[in-house]
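Structural characterization, general
These are the residues of each chain, in order.
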Amino acid sequence: MRRRTLLTAALAAGASALGTGPAMAGGRRVLHVRPGESVQAAVDAVDGPGWTVLVHPGTYREVVGVPAAQAELTLRGVTGDPRDVVIVYDNANGTPKPDGSGTYGTAGSATFSSAAPGLTLRDLTLANDWLRADHPDITGTQAVAACLTGDRTRAENVRFLAHQDTLFTDTTALGAFDRQYFRHCHIEGDVDFVFGRATAVFDHCRFHTLPRDVGFTPKGMVFAPSTARANPHGMLAVRCRFTSGAEDGAYKLARPWVPSYETTAWPALVVRDSVIGPGIDPVAPYTTMRDAHPWQSMRFAEYRNTGPGAVISIPAHRPQLTPAEAALHTPAACLGDWNPR
């Protein structure tokens, strides 16, 4: 209550909450957050669309949620270097809730979540530092850094860091084709670390697979799309890089996810004009999550990729688009009347 009172007073006085300075910048209302203060408190103080929350250098150990009502919100690190501003927490799917009402679940484990349309994230890091080795008693090891829903979500120069299920690109409803755009982002993890049913475009992003001390391969997968059958576009990675901290061939590029709550899903992924490093298995880059939904029956394809992880040794294992088909899988085609670039 005391925090809310201070925020309200700052806004009424024409100063930026949690700091000093103008309340308007470039036609947008601005709040500042500094170390020792709360990003969530600033988000809670937003009273309408069009706000910017500027976060100063520091590590903010908290869970942050942006409700659907906070439309057109911008959350941005002030220095332009995403390493300077880190929002991090450590919940997992199987982490018990403090009130004894069960566990958080996959989406509930997210350090950062948003259901707001028109969200912009820039120049910061969203991380989940929960580690399997520290919690051998927990079997629900999904630990999400960011769970994003809401149409027209945009992230630029953002680092998404976790292990399993790092970035959940979801939609507000099963029948919604919410669009998300990621540019110059760094996304790392091990198992299914980019997943969900959103129309998600990754433009000039880096996907980095982590070393993992397990006695089997594959050690993980980059993508696990769960695209709705009616959606003509799923995930698109264009002009991206795939790097690895693990041994050569230890990772798969993708596997389809058909959730038990949406058994009609028809996962879609196109990786094109990208450099795929040796960490991805070049012989068999795709695998199946459940036998009832083999990857070969999904909408997986590539186009003009290069690098040791993109070598086509068995054509049937790497479906390729024709030039005419590739023209239907561009950022503009996926995003329609929204041009975040």
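Everything discussed here concerns the structure shown above.
Below or above, wherever it landed, is the structure these notes cover. As the structure is a computational prediction, the values presented were derived from the model and not from experiment. (Residues numbered from 1 in each chain as written. Predicted model: local features only at pLDDT ≥ 70, side-chain atom pairs only at ≥ 80, totals over all residues. Heavy atoms only, no water.)

**A short note on the nonpolar core**
Rules: Only buried residues count toward a nonpolar core. Its members are Ala, Val, Leu, Ile, Met, Phe, Trp, Tyr and Cys residues joined through side-chain atoms within 4.5 Å. A simple rule labels every residue: compare its accessible area, found with a 1.4 Å probe on the protein chains alone, to the largest value its type can have, and call it buried under 20%, exposed over 50%, or partly exposed in between. Secondary structure follows DSSP: runs of H or I at least 4 residues long count as helices, runs of E at least 2 residues long count as strands, and numbering of each begins at the N terminus. By the convention used here, residues are in contact when the closest approach between their heavy atoms is within 4.5 Å.
Ranked by size, the top nonpolar core spans 60 residues in total, and within it F160, F182, F202, F207, F223 and F242 carry the most contacts. When residues of this core are assigned to their parent elements, the largest contribution, four residues, is made by helix α2 (residues 39–45). Excluding its chain neighbours within four sequence positions, the residues that come into contact with F182 are L148, A155, F160, L167, T169, A200, V201, F202, D203 and C205. Within the second largest apolar cluster, eleven residues are counted, among which are Y181, Y303, C334 and W338.

**A short note on the sheet that holds strand β5 (residues 64–66)**
Our working rule: Note on pairing: DSSP must find at least two bridges between two strands before they are called paired. To obtain an axis, a line is fitted to C-alpha atoms, over the contacting stretch when the element is a helix, and the angle between two such axes runs from 0 to 180 degrees between their N-to-C directions.
Strand order in the open sheet formed by seven strands is β5-β8-β10-β12-β15-β18-β21, and the pairing between neighbours is parallel. Looking at the sheet topology across the chains shown, the edges are occupied by β5 and β21 (251–254). Neighbouring strand axes in the sheet, compared pairwise and without regard to direction, differ in orientation by 15 degrees on average. Here strand β10 (residues 146–148) runs beside strand β12 (residues 167–169); their pairing, made up of three bridges, is parallel. Looking at the pairing, C147 lines up with F168 of β12.

**A few points about the environment of P211**
Along the polypeptide, P211 turns up in the loop between β17 (206–209) and β18 (220–225). Sequence separation between P211 and A250 is 39 residues; the distance between their C-alpha atoms is 9.1 Å. Among all residues touching P211, those that are not within four sequence positions of it are G245 and A246.

**Topic: the environment of V88**
Inspection of the secondary structure assignment puts V88 in strand β7 (residues 85–89). What makes V88 buried here is its relative accessible area of 7%. With sequence-adjacent residues up to four places away left out, V88 is seen in contact with T59, Y60, R61, E62, T111, A127, N128 and D129.

**A word on the pairing of strand β4 (residues 58–61)**
The alternating pattern of β4 places G58 and Y60 on a buried face and T59 and R61 on a face that is not buried. With four bridges connecting them, β4 and β7 associate as parallel partners. Directly across from Y60, in β7, lies its bridge partner I87.

**A closer look at the packing of aromatic side chains**
Counted only if it meets this: Aromatic rings from Phe, Tyr and Trp, taking only the six-membered ring of Trp, are treated as a pair when their centres fall within 6.5 Å; an angle between ring planes under 30 degrees marks them as stacked, one over 60 as edge-to-face, and anything in between as tilted.
Applying the stated criterion across every chain, the model contains 13 aromatic pairs. Judged by centre distance (4.2 Å) and plane angle (20 degrees), the ring pair of F168 and F195 falls under stacked. In this pair, F168 is assigned in strand β12 and F195 in strand β15 (residues 194–196), connecting sequence segments 27 residues apart. Geometrically, the ring pair formed by Y286 and F300 is tilted, given 5.3 Å between the ring centres and 40 degrees between the ring planes. Here the residue Y286 occupies a position in the loop between β23 (275–276) and β24 (299–303), and F300 occupies one in strand β24, the gap between them amounting to 14 residues.

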